[in-house]
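# What the coordinates show
As a plain string of letters, each chain reads:
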Amino acid sequence: MPKMKTKSSAKKRFKVTASGRIKVQQAGKRHGMIKRSKKFIRNARGTTTLSPQNEKIVKGFMPYSR
């Protein structure tokens, strides 16, 4: 049986934590910052974990993740 391929876009965007959750950058900070409130920009710093429903989808793209 050949190896399964990982989606290249997924391996660049997501990391798997030690507990198996999917870590991802916060969305909505690429452009258009003038429209966004200071509170939104502040709260969107760093990373977040995906919801369990979205985790299932992303783990399908990364067959060898934990």
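## Let's talk about the sheet that holds strand β3 (residues 47–49)
Here 3 strands make up an open sheet; going across it, the order is β1-β2-β3 and the pairing antiparallel. Strand pairing shows two members of the sheet lacking a second neighbour, β1 (14–16) and β3, which therefore form its edges. On average, each strand axis in the sheet is inclined to that of its neighbour by 35°, with strand direction left out of account. Bridge analysis of β1 against strand β2 (residues 22–25) gives 3 bridges, and the strand direction is antiparallel. Note that in β2 the partner of Phe14 across the bridge is Val24.

## Side note on the nonpolar core
Counting residues in hydrophobic clusters, the biggest one holds 8 residues: Ala10, Phe14, Val16, Ile22, Val24, Leu50, Val58 and Met62. Contributions of two or more residues to this core are made by β1 and β2. Look past the residues within four positions of Ala10 in its chain and what remains in contact with it is Phe61 and Met62.

## Here's the deal with the side chain of Glu55
As for its position among the elements, Glu55 is in helix α3 (residues 52–61). Judged by relative accessible area, which is 9%, Glu55 ranks as buried.

## Observations concerning the environment of Lys56
The topology assignment puts Lys56 in helix α3. Owing to a relative accessible area of 72%, Lys56 belongs among the exposed residues under this scheme. Lys56 sits 40 residues away from Val16 along the chain, and the two C-alpha atoms are 12 Å apart.

Thresholds, definitions, all that
Residues numbered from 1 in each chain as written. Predicted model: local features only at pLDDT ≥ 70, side-chain atom pairs only at ≥ 80, totals over all residues. Heavy atoms only, no water. Pairing = 2+ DSSP bridges. Helix = DSSP H or I, 4+ residues; strand = E, 2+ residues; numbered from the N terminus. Axes fitted to C-alpha atoms, helices over the stretch in contact; angles between N-to-C directions. Core = buried A, V, L, I, M, F, W, Y, C linked by side-chain atoms within 4.5 Å. Buried < 20%, exposed > 50% of the residue type's maximum accessible area, 1.4 Å probe, protein only. Contact = heavy atoms within 4.5 Å.

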